[in-house]
Amino acid sequence: MNQPRTDDSADSAFVGLLTECQLPLRLYVRALLPGDPAAGDVIQQANAKIWEKRGDFEPGTHFKAWAMAIARFEVLNHRKRQARDARLHFSDELEETVATELAQVTDDLAERQAALRECMQALKPASRELLMRRYATQQPLAEFASQLGRSVGGVKVTLHRLRTALAECIERRLLATGETE
């Protein structure tokens, strides 16, 4: 059994890396277990195994690749336990392709999220507040417009313009950093 680290700063750094890797791990496991309700459990098992094996991780190496390999083994273990089911099974080659593609997609997603945060901050406070209020709740548009004292059509137009401005801002920022094709 691996000896857990006792160094708090090393554990803090490890937690940071693990936290950053959560979205790619979730996407990877869910892609390998499409429609399987146990995917969430497998993700938790993978996280527990990653934490258990933290002493094996070599700082400075590619954390996401290391964590994905552990997640893959957890998926394989889950499949072995569920072997009697007639579920779809992927070849090793397809799993590697999915892992590679998802790593790129999640990197792109993180860059897009960062650009969105910057673009949201560049909006006028009233526009930012309108977007945040609208999308933070599940209330119907008519009810939302009524609370604002505006027509549904007027709110739709304003929201459309703000979304368009955000999309253009995001694309400009990604182009400026060379992140889009």
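Rules used in this analysis
Residues numbered from 1 in each chain as written. Predicted model: local features only at pLDDT ≥ 70, side-chain atom pairs only at ≥ 80, totals over all residues. Heavy atoms only, no water. Phe/Tyr/Trp six-rings, centres within 6.5 Å; stacked < 30°, edge-to-face > 60°. Buried < 20%, exposed > 50% of the residue type's maximum accessible area, 1.4 Å probe, protein only. Lys NZ or Arg CZ within 6 Å of the ring centre and 35° of its normal. 1 Å grid on protein atoms, 1.4 Å probe; cavity = no way out; pocket = protein on both sides within 12 Å on 5 of 7 lines; lining within 4 Å. Points joined across faces, edges and corners; volume = space filled by probe spheres on them. Helix = DSSP H or I, 4+ residues; strand = E, 2+ residues; numbered from the N terminus. Nonpolar A, V, L, I, M, F, W, Y, C, P; charged D, E, K, R; others polar. Core = buried A, V, L, I, M, F, W, Y, C linked by side-chain atoms within 4.5 Å. Contact = heavy atoms within 4.5 Å. Salt bridge = Lys/Arg side-chain N within 4 Å of Asp/Glu carboxyl O.

Undergrad: For this particular structure, what's the right way to read the packing of aromatic side chains?
TA: The way to describe two aromatic rings as a pair is by their centre distance and the angle between their planes. Scanning all chains against the criterion turns up seven aromatic pairs. Judged by centre distance (5.1 Å) and plane angle (85°), the rings of Phe-57 and Phe-63 are edge-to-face. According to the relative accessible area criterion, Phe-57 is buried, its value standing at 3%. Phe-63 sits in the buried class, given a relative accessible area of 6%. Residues Phe-57 and Trp-66 carry aromatic rings whose centres are separated by 5.2 Å and whose planes lie at 50° to one another, so their mutual orientation is tilted. A network of ring pairs unites the aromatic residues Phe-14, Trp-51, Phe-57, Phe-63 and Trp-66 as a single cluster. A cation sits over an aromatic face here: Arg-134 above Tyr-135, 6.0 Å from the ring centre.

Undergrad: Mind showing me how you'd approach the layout of surface pockets here?
TA: Left-over empty space is what a probe sized like a water molecule reveals as it rolls over the atoms. In this structure, the largest pocket spans a volume of roughly 280 Å³. Residue lining of the largest pocket: 15 residues in total, with Glu-20, Cys-21, Pro-24, Lys-64 and Asp-107 positioned closest to the centre. Among the elements that make up the lining of the largest pocket, the one with the highest residue count is helix H5 (residues 92-122) (five residues). Residues belonging to the lining of the largest pocket are distributed by class as follows: six nonpolar, four polar and five charged.

Undergrad: How do you make sense of the nonpolar core when you look at a structure like this?
TA: Counting residues in each nonpolar core, the largest one holds 23 residues, and the members touching the most others are Leu-25, Tyr-28, Val-29, Ile-50 and Phe-63. Going through the elements one at a time, helix H1 (8-20), helix H2 (22-32), helix H3 (39-52), helix H4 (63-81) and H5 are the ones with two or more residues in this core. Among the elements that line this core, the one with the most residues is H4, at six residues. Leu-25 has contacts with Leu-18, Asn-47, Ile-50, Ala-67, Met-68 and Ala-71, leaving out every residue within four places of it along the chain. Judged by nonpolar contacts, the second largest core, of 16 residues, contains Ala-115, Leu-141, Ala-145 and Leu-174.

Undergrad: Any chance you could explain the pattern of salt bridges here in plain terms?
TA: One side chain can pair with another of opposite charge once the charged atoms of both are near each other. Across all of its chains, the model carries four salt bridges by this definition. Between Lys-49 and Glu-52 there is a salt bridge, with the nearest N and O atoms lying 3.7 Å from each other. Separated by three residues within a single helix, Lys-49 and Glu-52 lie in helix H3, roughly one turn from each other. Under the relative-accessibility criterion, Lys-49 is labelled partly exposed at 27%. A salt bridge links Glu-171 to Arg-112, with the nearest nitrogen and oxygen atoms 2.8 Å apart. You can see Glu-171 sitting in helix H8 (residues 152-176) and its partner Arg-112 sitting in helix H5, a full 59 residues away along the chain. Judged by relative accessible area, which is 36%, Arg-112 ranks as partly exposed.

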